[in-house]
Amino acid sequence: MTHSPLAATSPKPIGLDIREANGVYLTDASGRSYIDLISGIAVSNLGHRHPAITEAIRSQAGDYLHAMVYGEYVLKNQTAFAQQLASHLPPTLQCIYPTNSGSEAVEGALKLAKKYTGRTSILAFQNAYHGSTHGALSVTGNDQLKQGYGPLLPEVHHLVFNEPLSIQLINRQTAAVIIEVIQGEAGVVTAEPDFLQALRNRCTETGTLLIFDESQTAMGRTGTLFAFEPYNIIPDILVLSKALGGGMPLGAFIASHEIMNVLSHNPALGHISTFGGHPLSCAAGLAHLNALMTENLMQAVEQKEQLFRAYLQHSKIREIRGKGLMLAVELGDTSFRERVCDAAIAGGVITDWFLFCDTAIRIAPPLVITENEIRKACDVLLQAIETS
Ligand code: PMP
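### A closer look at the sheet that holds strand β4 (residues 95-99)
Sheet architecture is open: seven strands sit in the order β4-β12-β11-β10-β7-β5-β6, paired in mixed fashion. Whereas interior strands pair on both sides, the edge strands pair on one side only; in this sheet they are β4 and β6 (156-159). Adjacent strand axes in the sheet meet at a mean angle of 20 degrees when their direction is disregarded. The sheet contact formed by β4 and strand β12 (residues 251-255) spans five bridges and is antiparallel. Its bridge partner lying in β12, Pro 98 is registered against Ala 252.

### Some points on the environment of His 158
As for its placement among the helices and strands, His 158 is situated in strand β6. Along the chain, His 158 and Leu 297 lie 139 residues apart, while their C-alpha atoms are 36 Å from each other. With sequence-adjacent residues up to four places away left out, His 158 is seen in contact with Ala 124, Phe 125, Gln 126, Ser 138, Val 139, Thr 140, Gly 141 and Lys 146. For His 158, the side chain forms a polar contact with the main-chain oxygen of Val 139, separated by 2.9 Å. A distance of 3.0 Å separates a polar side-chain atom of His 158 from the backbone oxygen of Thr 140.

### A few points about the sheet that holds strand β15 (residues 349-350)
Strand order in the open sheet formed by four strands is β1-β2-β3-β15, and the pairing between neighbours is mixed. For this open sheet the edge positions go to β1 (18-22) and β15, each flanked by a neighbour on one side alone. Both strand β2 (residues 25-28) and strand β3 (residues 33-36) contribute to a ladder of three bridges, which runs antiparallel. Looking across to β3, one finds that Thr 27 is bridged to Ser 33.

### Considerations on the pairing of strand β7 (residues 174-179)
By the criterion of burial, β7 is predominantly enclosed, with six of the six residues buried. For strand β5 (residues 121-125) and β7, the ladder comprises three bridges, and the chain directions are parallel. Directly across from Ile 122, in β7, lies its bridge partner Ala 176. Across four bridges, the pairing between β7 and strand β10 (residues 209-213) is parallel. Its bridge partner lying in β10, Ala 176 is registered against Leu 209.

### So, the site of the ligand
Residues in contact with the ligand, as listed here, are Ser 101, Gly 102, Ser 103, Tyr 129, His 130, Gly 131, Glu 180, Asp 213, Ser 215, Gln 216 and Lys 242. The separation between a nitrogen atom of the ligand and a polar side-chain atom of Asp 213 is 2.6 Å. Within the side chain of Gln 216, one N or O atom sits 2.9 Å away from an oxygen atom of the ligand. For the ligand, whose accessible area on its own is 400 Å², the fraction buried by protein is 82%.

### Observations concerning the environment of Thr 351
The topology assignment puts Thr 351 in the loop between β15 and β16 (360-363). The spatial distance from the C-alpha of Thr 351 to the C-alpha of Leu 93 is 34 Å, given a sequence separation of 258 residues. Thr 351 has contacts with Ile 38, Cys 341, Ala 344, Ile 345, Ile 361, Arg 362 and Leu 381, leaving out every residue within four places of it along the chain.

### Notes on the packing of aromatic side chains
All chains considered together, the criterion is met by eight aromatic pairs. Consider the rings of Phe 125 and Phe 161, whose centres lie 5.8 Å apart with planes at 90 degrees: the pair is edge-to-face. One end of the pair, Phe 125, is in strand β5; the other, Phe 161, is in the loop between β6 and β7, with 36 residues separating them in the sequence. Among the aromatic side chains, those forming a connected cluster through ring pairs are Tyr 70, Tyr 97 and Phe 253.

### Considering the nonpolar core
One finds Leu 85, Phe 226, Phe 308 and Leu 312 to be the most contacted residues of the largest nonpolar core, which totals 90 residues. When residues in this core are grouped by element, the largest group, nine residues, is from helix α9 (residues 279-294). The residues contacting Phe 226, other than those within four sequence positions of it, are Leu 85, His 88, Leu 89, Glu 214, Ala 218, Met 219, Leu 238 and Leu 240. Of all hydrophobic cores here, the second largest spans 25 residues; its members include Tyr 97, Ile 122, Ala 176 and Ile 211.

### As for α9
The end-to-end C-alpha distance of α9 is 22 Å, a good match for the 22 Å that 16 residues give at a rise of 1.5 Å each. The element α9 is extensively covered by neighbouring structure, given that 13 of its 16 residues are classed as buried. Looking one or two residues past α9, Asn 296 carries a phi angle of roughly 50 degrees, positive in sign.

### Description of the packing of helix α11 (residues 334-346) against helix α12 (residues 371-387)
Interaxial distance between α11 and α12 falls to 8 Å at its minimum, and their mutual angle equals 135 degrees. Taken together, the axes of α11 and α12 are oblique relative to one another. For α11 against α12, the interelement crossing comes out right-handed. Along the contact surface, α11 presents Phe 336, Val 340, Ala 343 and Ala 344, while α12 presents Val 380, Leu 381, Ala 384 and Ile 385. Partitioning the contact of α11 with α12 into residue classes produces eight nonpolar, no polar and no charged.

### Looking at the side chain of Asp 352
For Asp 352, the location among the structural elements is in the loop between β15 and β16. A residue is classified by how much of its surface remains accessible, and Asp 352, at 10% relative accessible area, is buried. One polar contact links Asp 352 to Arg 362, side chain to side chain, over a distance of 2.7 Å. What Asp 352 contacts, discounting residues up to four positions off in sequence, is Ile 38, Ile 41, Cys 341, Ala 360, Ile 361 and Arg 362.

The rules behind these values
- Residues numbered from 1 in each chain as written.
- Predicted model: local features only at pLDDT ≥ 70, side-chain atom pairs only at ≥ 80, totals over all residues.
- Heavy atoms only, no water.
- Pairing = 2+ DSSP bridges.
- Helix = DSSP H or I, 4+ residues; strand = E, 2+ residues; numbered from the N terminus.
- Axes fitted to C-alpha atoms, helices over the stretch in contact; angles between N-to-C directions.
- Contact = heavy atoms within 4.5 Å.
- Polar contact = N/O pair within 3.5 Å; in protein donor to acceptor, adjacent residues only side chain to side chain.
- Buried < 20%, exposed > 50% of the residue type's maximum accessible area, 1.4 Å probe, protein only.
- Near = heavy atom within 4 Å.
- Areas by Shrake-Rupley, 256 points an atom, 1.4 Å probe, with all protein chains shown as cover.
- Phe/Tyr/Trp six-rings, centres within 6.5 Å; stacked < 30°, edge-to-face > 60°.
- Core = buried A, V, L, I, M, F, W, Y, C linked by side-chain atoms within 4.5 Å.
- Expected span 1.5 Å × (residues − 1).
- Parallel < 35°, antiparallel > 145°, perpendicular 65-115°, else oblique.
- Left-handed = near helix turned anticlockwise from the far one by under 90°.
- Nonpolar A, V, L, I, M, F, W, Y, C, P; charged D, E, K, R; others polar.

Okay, structure coming up:
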């Protein structure tokens, strides 16, 4: 048996040898194209190789790559990216700390909340996914995934999502509550507006910082730039990643200047990063954000959701959960779902499942997907369901 020098943690990798990606299509070494229904995962919101993004990367690469650890030099694309992102955020979320990934952004957010409040306890939710590093794994709400990796962060407890009673557990010892507005890896479970409002109220009452992890939901995926917008509820700290860099590695934790300030003294350099806010990632993130706003893609998201819901009618589909182009098609059975995924890929459509919900398939295509492509993808999915 030969071993690849690349570490693998997936028991059954998809294994496609990808040679090119364009729009909603991935092409493998044999020249076969696949419709990408997962955007790898929830990243390529503008489609693969959007010309404005590749041009921005090319242009930045012509000037410089890495120059200095985050926060020391003035790097034009970093500044422009932060200014542009801040212009779309509420007045209390105007200070952006760029990171390389979602996990890292979660780490920064947790540290920030502890330092600002002087408290140590953190509450999170069952079935939440926040990343694979120690802190992010601590707030992740799945015991199986943590097996063998303890001890993790102390004083972390998990509440029941959408259960109003659990909010009573937030008290004046609680530094932060971290929540996904729509839980992704739980299989796309949307927070109830009343629940989120009660959570906001209780956090305000107790001086607890409310952290929204919008790694999967932000940048237009649910029809608005941020999923918190229609709730009219603003977090104290916002975590972004995935689509933020337009296909390049980029995350961020965002707060008010007053809150963020605690990282800069006692001790100074309370959070540092060699590559956070890399010039190439910020160039791509800026081009991505500009194109997202000018191409009117978000306005069409709800209509595209309705197309998926209308086409995906089958007696073996139990439910379609979610919002916009963040959907879970519930099949109710793991091995059936596995066969459907395999058959879909064989039929030219890439989909997968959710970390904590392996009975449902993921629909998270690039937002640029057309009606015709939605219809084609749904035909393949229905065929896969029918024959599996
Ligand atoms: N938070 C959420 C909500 C996520 O979905 C993910 C990734 N699936 C992360 C954090 C972790 O991001 P990364 O893999 O970039 O560390």
